[in-house]
Amino acid sequence: MTDLSVRALTAGYGKAPVLDRLDLDIPSGRLTAVLGPSGCGKTTLLRCVAGFLRPADGTVTVAGRIVAGPGRHVPPERRAVGIVAQEGALFPHLTVARNVGFGLTSLPRAERAPRVEAMLELVGLAGLGSRMPHELSGGQQQRVALARALAPRPSVVLLDEPFNALDTALRGDLRDDVRAALAATGSTGVLVTHDQEEALSWADHIAVLRQGRVAQHGSPQELYAEPVDPWVASFLGDAVLLPGRHEGGRVLTALGAHPLTPGSDSRLTVGTAVLRPEQLQLCSAEAAPVRGSVTRVRFHGHDALVAVALADGTTVRVRHPGPVSVVPGDETGLRVQGAAALRATAADPPGAAGGPTKKSTDRPPRAGLPTG
Amino acid sequence: MLAVPAALTGAFALLPLVYLVIRALERGPAFAWGVVSADRTAGLLGNSLRLTVVVVVATWVLGVSLAWLTERTALPAARLWAVLATLPLAVPSYVMSFSWLSAFPGISGFTGAAVALSLACFPYVYLPVAAVLRGADPALEEAARSLGHGPWRTFRSVTLPQLRPAAVGGGLLVALYVMSDFGAVSLMRYDTFTRAIHTSYRASFDRTPAAALGCVLVLITVALVVAERRTRGRARYDRTGRGSARPAQRMPLGRAARTAALGWSAAVALAAVAFPVGTLCYWIAVGNSATWAPGPLWEAAVATVGVAAAGAVVTVLLAVPVAVLSVRHRGPLARTLEHASFAGHALPGITVALAFVFLAVRYAEPLYQQWPLLVLAYAALFLPLALTGVRAALLQAPESLEEAARSLGRGPFATLREVTLPLAAPGIAAGAALTFVVIMKELPATLLLRPTGMDTLATRLWTHTDNFAFAAAAPYALTLVLIAAVPSYLLGRHRP
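Residues numbered from 1 in each chain as written. Chains lettered and ligands numbered in written order. Predicted model: local features only at pLDDT ≥ 70, side-chain atom pairs only at ≥ 80, totals over all residues. Heavy atoms only, no water.

Some thoughts on the sheet that holds strand β16 (residues 280–283) of chain A
Residues and elements named next belong to chain A.
So, point 1. Read across the open sheet, the 5 strands follow the order β16-β20-β17-β18-β19; overall the sheet is antiparallel. Edge strands, defined here as strands with exactly one partner in the open sheet, are β16 and β19 (315–321). Each neighbouring strand pair of the sheet contributes to a mean axis angle of 45 degrees, computed without reference to strand direction. (Pairing = 2+ DSSP bridges. Helix = DSSP H or I, 4+ residues; strand = E, 2+ residues; numbered from the N terminus. Axes fitted to C-alpha atoms, helices over the stretch in contact; angles between N-to-C directions.)

Encoded structure:
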């Protein structure tokens, strides 16, 4: 059962389409993150679903009803799609309560005030209904925007990078509260974001968008463990990408032999092996099968990322928990735990400059280090 | 759906222009060309252009310097000087001329016309430039300073380019005003093109020469508007960043600089506000009760406020659909309608008035010399002014708010009514206030179209000054200035 389904959606501004025959199904009552670098078409997708943009082709179905398709365009006000905009877009001339009650015109008058109060309570702002939007903090404004979007009980709520403008400390709390509020109302939530950490920690499902199409769709764990290609691997979290060869159920790389992940295509013999930095461990140089020299240490507090140059010149990153004892220049040994995924090497290696038609913004912002 | 009222507005605004062309060509293009190519015409045109250039440059100097002093420096009592810089809006150019002329009869001619028009018109530059200075992102100037530019170089290379669109736009309004001004140049006995049209119209019942000359004026106006568009260029001047603006730091003034700044502000306020008001008071004092009676003064004041209010409301109502269309639904239709609505800019009051006389006599006899016709003429004349204000106000309402309203179940009209218009209301009110002031001061169309027996403050004072009956004119002039000062004062305080 899906509340939102998109088929062969093509849309854009001017001639070049931003969305290119995009297919996407959003499961009901779950929270989905649409993740992609800037320019990938995620905002265009959101505007097509909301009804602010007419797609050139394809269909959008909301709660079983086609709202956009050939010869059909349901205006935004009749789609029952809620929106939380980037900076809240609260009506500055209306009180908080009237903002939240704005979409409740079809509700009998007597039921409006209790619904508004319930919604404000849901987002943790009970009793602030008489304030004006400018009298609230940024985080509170976003909470009001969420309450306003949820109040008419829409089938789908779209969240357009709503946590962007907030500082980090506030962002975590608000994310959890938004999650809780959406879950409490049983809403289908779609969060559009370019922040992979936010997508991984917040969503039940993630759809990764690349150049106007869905590159991969699945649960955060699936996507992290079995990225469909090296690009997705390095876009979603840190990745160690090494040339790999498949031999008898194992992957051979510069770091040794690793078991193959279940999702890997066993017919592929040569490709890119995907490991995660936390699978690598530093150990004493003498006993280790693989050795290298530390080139850089990036300390994060809870852990540190240590860059190690191998003998063949390849640099890999190691996520080391807790305090680090090595400094650049030190000789160190490396050990690898767990399985590696083997994927076909893309024509455009991630992290490197793309082909002539590829914009630099298509590159994942947190690509792995050069893999030689 | 909005296209219908917007199209009606556009067509309405074009009416006088159509009339003008038909009339000018009534006796064949050869005759019209004969009128236009007469030797006298070129001389008059030269006079008009000379006056326009001098007044525009003078208003730039006055407007930009005062805007910078009141918005960006630690000028003592900056708010007071800001209000004083807006108040000349309340002084019609012919009252300005009248007060200077009555004190210094020798000023008559080019100098007098230039002085009076510059002092009366500089708020058209001051207001938009001050608004830009207030809204400009101080981060840009801070960046220039951190990159090694001194304060003066920063002003020249960063601040001034940001002011350019506002200054040029204000300059365009001034140029259009001067080109079509009738009152000030007539009092100063300076022969300009518009005055010639008036004379030609008064001289005979043959309207063709006046219409032919009017066409030339239209062409000059079109050239001015196009030139202004050209200067806008490709650069963007709105804020690129997000977040709320910090107010800019005011530049501290040393002792000498403060004295000079205060002296300059005071001198302008004295010349443009205190002097005309003082002269009027003097004439009232030397006059006696025989020269003016309170009865007609009261009647004229009531009539003035009545027609100006009606005119402002009608003009703004006509402007709203065009503005909404041009702001939210950009396209060829919207652009065409917007340009059509600006036709009034191109036409001096006298030609618009003639068009309405003609139309009423031909097709709507009962309306002739009735106040609805006068109100419609005001609307055709000042639609561009209202449109500019309404447009700017609508741009203040972010599109994301309209989208939020749509996603919450409101249709386009409900969104307009409940979100866009309430947010734009202060700006629309400011546009209405400006239109009200300008209508109060309007002279040529009022003289021609007013109902028989009705006098406004402007027409009363005109009849008297035409006969150099200064003492008799002064009470009407002062009342006009005082009433117009109220919305002008509010405009000066309006913070978009």
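Quick word on the pattern of salt bridges
For side chains of opposite charge, pairing can occur when their charged atoms come near one another.
Residues and elements named next belong to chain A.
So, point 1. With the rule as written, the count across this model stands at 25 salt bridges over all chains.
So, point 2. Among the salt bridges present, the one from D229 reaches R210, with a minimum N-O distance of 2.9 Å. Residue D229 is located in the loop between α7 (220–225) and α8 (230–235), and its partner R210 is located in strand β10 (residues 205–210); the two are separated by 19 residues in the primary sequence.
So, point 3. On the basis of relative accessibility, which here comes to 16%, the residue D229 falls in the buried class.
So, point 4. A residue is classified by how much of its surface remains accessible, and R210, at 22% relative accessible area, is partly exposed. (Salt bridge = Lys/Arg side-chain N within 4 Å of Asp/Glu carboxyl O. Buried < 20%, exposed > 50% of the residue type's maximum accessible area, 1.4 Å probe, protein only.)

Remarks on the packing of aromatic side chains
All names here are of chain B.
So, point 1. Using the criterion set out here, one finds 12 aromatic pairs over all chains in the structure.
So, point 2. Aromatic side chains Y19 and F358 sit 4.9 Å apart centroid to centroid with 45 degrees between the ring planes, which places their arrangement in the tilted category. With Y19 in helix α1 (residues 3–24) and F358 in helix α17 (residues 349–363), this pair connects stretches of sequence that are 339 residues apart. The two residues Y19 and F358 agree in class, both being buried.
So, point 3. Centroid distance Y94 to W462: 6.4 Å. Interplanar angle 75 degrees. Geometry classified as edge-to-face. With Y94 in helix α5 (residues 93–103) and W462 in helix α22 (residues 457–466), this residue pair connects regions lying 368 residues apart in the sequence. This pair shows no difference in class: Y94 is buried, exactly as W462 is.
So, point 4. The rings of Y94, F182 and W462 are connected pair by pair, giving a single aromatic cluster.
So, point 5. Seen from the ring of F31, R27 lies directly overhead, with NZ or CZ sitting 4.0 Å from the centre. (Phe/Tyr/Trp six-rings, centres within 6.5 Å; stacked < 30°, edge-to-face > 60°. Lys NZ or Arg CZ within 6 Å of the ring centre and 35° of its normal.)

Examining the confidence of the model for chain A
So, point 1. When pLDDT is averaged across chain A, the result is 86; 93% of the residues are at 70 or more.
So, point 2. This stretch, residues 348–372 of chain A, has a pLDDT under 50; its non-local contacts, to residues over four places away or in other chains, come to 43 contacts. (pLDDT = per-residue confidence, 0-100. Contact = heavy atoms within 4.5 Å.)

Examining empty space enclosed by the protein
Left-over empty space is what a probe sized like a water molecule reveals as it rolls over the atoms.
Residues and elements named next belong to chain B.
So, point 1. Taken as a whole, this structure holds 11 cavities of 30 Å³ or more when the rule is applied.
So, point 2. By volume, the largest cavity amounts to about 500 Å³.
So, point 3. Surrounding the largest cavity, 24 residues form its lining, Y177, S180, F382, V438 and E442 being those nearest its centre.
So, point 4. If you list the elements that add at least two residues to the lining of the largest cavity, you get α5, α9 (151–180), α16 (343–346), α18 (371–395) and α20 (412–441).
So, point 5. Of the residues that constitute the lining of the largest cavity, the class distribution is 15 nonpolar, 6 polar and 3 charged.
So, point 6. Looking at the second largest cavity, its volume works out to about 60 Å³.
So, point 7. If you go around the second largest cavity, the residues you meet are L66, T70, W81, L84, A85, P88, F122, S265, V268, A269, A272 and V273.
So, point 8. Of all elements in the fold, only α3 (39–72), α4 (78–86) and α13 (255–286) reach the threshold of two or more residues within the lining of the second largest cavity.
So, point 9. Broken down by element, the lining of the second largest cavity gets its largest block of residues, 5 residues, from α13.
So, point 10. Counted by class, the lining of the second largest cavity contains 10 nonpolar, 2 polar and no charged residues. (1 Å grid on protein atoms, 1.4 Å probe; cavity = no way out; pocket = protein on both sides within 12 Å on 5 of 7 lines; lining within 4 Å. Points joined across faces, edges and corners; volume = space filled by probe spheres on them. Nonpolar A, V, L, I, M, F, W, Y, C, P; charged D, E, K, R; others polar.)

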